[in-house]
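Here's the letter readout for the chains.
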Amino acid sequence: MTVFAACSAKLEAPQIVPAPRSLEMGKGAIDFKGIAICCDPSVDSLSRFAVEQFSGCLTKVSGKKSYVTTGAGADKGLCFLKDDSVAPEGYRISITPKSAVVRASDFNGFFYSLQTLRQMLPVSIYGTEPDSRADWRVPCCEIEDAPRFAYRGFHLDCCRHFFSREEIKKLLDVMSVFKFNRFHWHLTEDQGWRIELDGYPRLTEVGAWRTGTMIGGDWESNDGIEYGGFYTRDEIRDILEYADARGITIIPEIDLPGHMQAALAAYPEFGCKGSQPQPYEVWTIWGVSKQVLNVGKEKTLCFLEDVLGEVADIFPGEYIHIGGDECPRDEWKTDPDCQRKIRELGLKDKDGVSAEARLQNYVTARMQKFLATKGKKIIGWDEILEGDLAEGATVMSWRGTAGGIKAASMGYDVIMSPTTYCYFDYVQGNDLVKEPFSITHQWSENKEWIDNPLSLDKVYGYEPLAEIPAEAQKHILGVQCNMWTEYIAEPDYLEYMFFPRALAISEVQWCTPEKKDFERFTSALAAHEFPILDKLGVNYRKLD
Ligand code: ACM
């Protein structure tokens, strides 16, 4: 029995995640099997392509051909019309027994209308196998929908562990079902550099490979197995195109000036080790390396500008993430170049902010200025707030919500991704039977992972505007879930940690608070969303 068959028999409201802003049920239904589809000439070509893909899929699985034609007929079949009065990324669907009319003002709106329609059809629409016996009727209804937040992100650390192009595409596919529109791609780390750049080939020749990896949580161990990988420019372009067709903008992260040990293994001249360096190595253990870039040297800053310049040329989005988190400044305290730079810039220990922290500030501002010449804006982790942050930077609040509250109150744009609600590397419960992999976390020094599981209901309960002053709320661009992968090496486990918590975040990102209802959400998961994940071959944690 298909889920829809159950719905249509009683004409129940379809179960859609994230829940639409408004859905009013009418009487009767329209049959999508063999439905004629028409796109108004005003519909842009990328949206039309998405409609054609939907039509191809519907034809294949329903067993009856659906054609897409160009025209203005809105009284019969499934029609797509451009309507500039619809909110960005929003859509309206009006279904009567004769027609289903979709209106949107941009590509994401049309794309999300298709995602909503898919969720109203038998789950076989997510596959390629014919299912002609399924009930392809869709109940009459009026849907008006638009997102609460413009930034709806997910993040993936591809450095601690590397994930293939295919796995990334699979994630983009699944995330687009739930209307995520940003992929924050963490591409550089102490443990591996993953983006191929023309100007600095050793970043991937050397920096993408480590000689081994610590085992579990034992910092003294090493499995001795060479590990690594990187994405070529062509692979990145392919992934960018794939994301674009799903309404997802990719935000690359080049984490600086800390978390740079892999780059230093490739180019030790940008480090602080002085004239008799021990060779740097791509790090084989987890944690925060104290070996950071020597930002007192002009040539290091030029290296960063070269790197960011190439990255800005590859990625078309408006933002580049420049990291800025967890940069130990121990080396800078004694490094002659850094101390000279501090004197030159007249930086002082002041107001509880050290001269070295102000030096990091200088680097952030310089990269921000450089990227502005390329038409890009920066995002940084909330550490970039320390000292003086230049106007126009966007702050990603991860160490709880305080950084986000402060930044928004100061007039900076903010993306909320606090560990307390958005860190999906945290286990989902304490029950070892349900957390088959949590044994790895038990080796971790970070007891928070064990003592503070991040359960589905906790994620769902997150209210991103809590404690944000009313006048600063406009600065909260949105919400992002983060996936750090020290203890996540396999795609299956990665999916287990993302799902279904990513679906909970999708409602935090999309729905207004009054639309949220954990009971409705979990019943939709069980009845409808889990079968979708099954069909897409995605691993997920079952409900408690
Ligand atoms: C972070 O989790 N270090 C941003």
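Residues numbered from 1 in each chain as written. Predicted model: local features only at pLDDT ≥ 70, side-chain atom pairs only at ≥ 80, totals over all residues. Heavy atoms only, no water.

Quick word on the packing of aromatic side chains
Then comes step 1: In total, this model carries 31 aromatic pairs according to the counting rule given.
Then comes step 2: With a centroid separation of 5.8 Å and 45° between ring planes, the pair formed by Trp381 and Trp484 is classed as tilted. Taken together, the residues Trp381 in strand 16 (residues 377-381) and Trp484 in the loop between strand 19 (476-481) and helix 17 (491-498) connect sequence positions 103 residues apart. Assigned by exposure class, Trp381 and Trp484 land together as buried.
Then comes step 3: Of the aromatic side chains, those joined through ring pairs into one cluster are Phe154, Phe162, Phe180, Phe183, Trp185, Tyr231, Phe315, Phe424, Phe498 and Phe499.
Then comes step 4: Of note, Lys179 hangs over the ring of Trp510, and the distance from its end group to the ring centre comes to 5.7 Å.
Then comes step 5: A cation over an aromatic ring shows up here: Arg246 above the ring of Tyr242, its NZ or CZ 3.5 Å from the ring centre. (Phe/Tyr/Trp six-rings, centres within 6.5 Å; stacked < 30°, edge-to-face > 60°. Helix = DSSP H or I, 4+ residues; strand = E, 2+ residues; numbered from the N terminus. Buried < 20%, exposed > 50% of the residue type's maximum accessible area, 1.4 Å probe, protein only. Lys NZ or Arg CZ within 6 Å of the ring centre and 35° of its normal.)

Things to note about the pairing of strand 18 (residues 413-416)
Residues in a regular strand point their side chains to alternate faces of the sheet.
Then comes step 1: The pairing of strand 17 (residues 394-397) with strand 18 spans 4 bridges and is parallel. Counterpart to Met396 in the pairing with strand 18 is Ile415.
Then comes step 2: Pairing of strand 18 with strand 19, which is carried by 3 bridges, proceeds in the parallel orientation. In the sheet register, Met416 faces strand 19, and the bridge partner there is Val479. (Pairing = 2+ DSSP bridges.)

Observations regarding helix 19 (residues 518-535)
Then comes step 1: In a regular helix each residue adds 1.5 Å, so 18 residues correspond to 26 Å; helix 19 covers 24 Å between its end C-alpha atoms and thus fits that length.
Then comes step 2: At Leu525, helix 19 shows its largest bend, some 50°.
Then comes step 3: Buried residues of helix 19: Phe521, Thr522, Ala524, Leu525, His528, Glu529, Phe530, Ile532 and Leu533, and no others.
Then comes step 4: Backbone geometry just downstream of helix 19 places Gly537 in the positive-phi region, at approximately 70°. (Expected span 1.5 Å × (residues − 1). Bend = angle between axes of the 7 residues up to and from the residue.)

Some points on the nonpolar core
As a rule of thumb, soluble globular proteins bury nonpolar side chains together.
Then comes step 1: Counting residues in each nonpolar core, the largest one holds 166 residues, and the members touching the most others are Phe32, Trp185, Phe498 and Phe499.
Then comes step 2: Of all the elements, helix 8 (residues 298-314) adds the most residues to this core, at 8 residues.
Then comes step 3: Contacts of Phe499, omitting those with residues within four sequence positions, involve Leu171, Val174, Met175, Gln428, Leu533, Val538, Asn539, Tyr540 and Arg541.
Then comes step 4: Among the nonpolar cores identified, the runner-up in size contains 5 residues, and Met214, Trp283, Trp286 and Tyr487 belong to it. (Core = buried A, V, L, I, M, F, W, Y, C linked by side-chain atoms within 4.5 Å. Contact = heavy atoms within 4.5 Å.)

Looking at the confidence of the model for the chain
Then comes step 1: Per-residue confidence for the chain gives a mean pLDDT of 93; residues scoring 70 or more make up 94%.
Then comes step 2: Confidence scores differ between elements of the chain, with helix 1 (residues 3-10) showing the lowest mean pLDDT of 43 and strand 9 (residues 182-186) the highest of 99.
Then comes step 3: Residue range residues 1-9 is modelled with pLDDT below 50. Its contacts to residues more than four positions away, or to other chains, number 18 contacts. (pLDDT = per-residue confidence, 0-100.)

Remarks on the environment of Lys299
Then comes step 1: Locating Lys299 in the fold gives a position in helix 8.
Then comes step 2: For Lys299, a relative accessible area of 44% puts it in the partly exposed group.
Then comes step 3: In contact with Lys299, not counting residues within four places along its chain, are Glu269 and Phe270.

Quick look at the side chain of Arg366
Then comes step 1: Position of Arg366 among the secondary structure elements: in helix 11 (residues 355-373).
Then comes step 2: If sequence neighbours within four positions are ignored, Arg366 has contacts with Glu298, Leu301 and Glu305.

As for the pattern of salt bridges
Then comes step 1: Scanning all chains against the criterion turns up 30 salt bridges.
Then comes step 2: Across the salt bridge formed by Arg48 and Glu52, the nearest N and O atoms sit 3.0 Å from each other. Within this pair, Arg48 and its partner Glu52 are both found in helix 2 (residues 45-62), separated by 4 residues, close to a single helical turn.
Then comes step 3: Classification of Glu52 by relative accessible area gives partly exposed; the value is 35%.
Then comes step 4: With a shortest N-O distance of 3.5 Å, Lys290 and Asp330 are connected by a salt bridge. On the criterion of sequence distance, the pair formed by Lys290 in the loop between helix 7 (261-266) and helix 8 and Asp330 in helix 9 (residues 330-334) is long-range, its members being 40 residues apart. (Salt bridge = Lys/Arg side-chain N within 4 Å of Asp/Glu carboxyl O.)

Focus: the environment of Met497
Then comes step 1: Here Met497 is to be found in helix 17.
Then comes step 2: For Met497, a relative accessible area of 1% translates into the label buried.
Then comes step 3: Along the chain, Met497 and Asn539 lie 42 residues apart, while their C-alpha atoms are 8.8 Å from each other.

What to know about the side chain of Glu495
Then comes step 1: Relative to the assigned elements, Glu495 resides in helix 17.
Then comes step 2: A relative accessible area of 2% places Glu495 in the buried class.

A few points about unusual backbone geometry
Then comes step 1: A cis amide bond links Leu256 to the next residue, Pro257, at an omega of 0°.
Then comes step 2: You can see Pro257 is positioned in the loop between strand 14 (249-256) and helix 7.
Then comes step 3: Here the amide bond leading from Phe499 into Pro500 is cis, since omega sits at 10°, within 30 degrees of zero.
Then comes step 4: Examined against the element boundaries, Pro500 turns out to sit in the loop between helix 17 and helix 18 (501-510).
Then comes step 5: Positive phi, close to 70°, is recorded for Lys179, a residue that is not glycine.
Then comes step 6: Structurally, Lys179 is set in the loop between helix 4 (165-177) and strand 9.
Then comes step 7: The exposure class assigned to Lys179 is buried, which follows from its relative accessible area of 0%.
Then comes step 8: Non-glycine residue Glu467 carries a positive phi angle of around 65°.
Then comes step 9: Relative to the assigned elements, Glu467 resides in the loop between helix 16 (456-460) and strand 19.
Then comes step 10: Look at Glu467 and you get exposed, because its relative accessible area is 66%.

What to know about the sheet that holds strand 17
Then comes step 1: With parallel pairing, 8 strands are arranged side by side around a closed barrel as 8-9-14-15-16-17-18-19. For this sheet, the mean angle separating the axes of adjacent strands, direction not counted, is 30°.
Then comes step 2: As paired strands, strand 14 and strand 15 (residues 319-323) are joined by 2 bridges and run parallel to one another. Each residue of the ladder has a partner; that of Leu256, found in strand 15, is Gly323. (Axes fitted to C-alpha atoms, helices over the stretch in contact; angles between N-to-C directions.)

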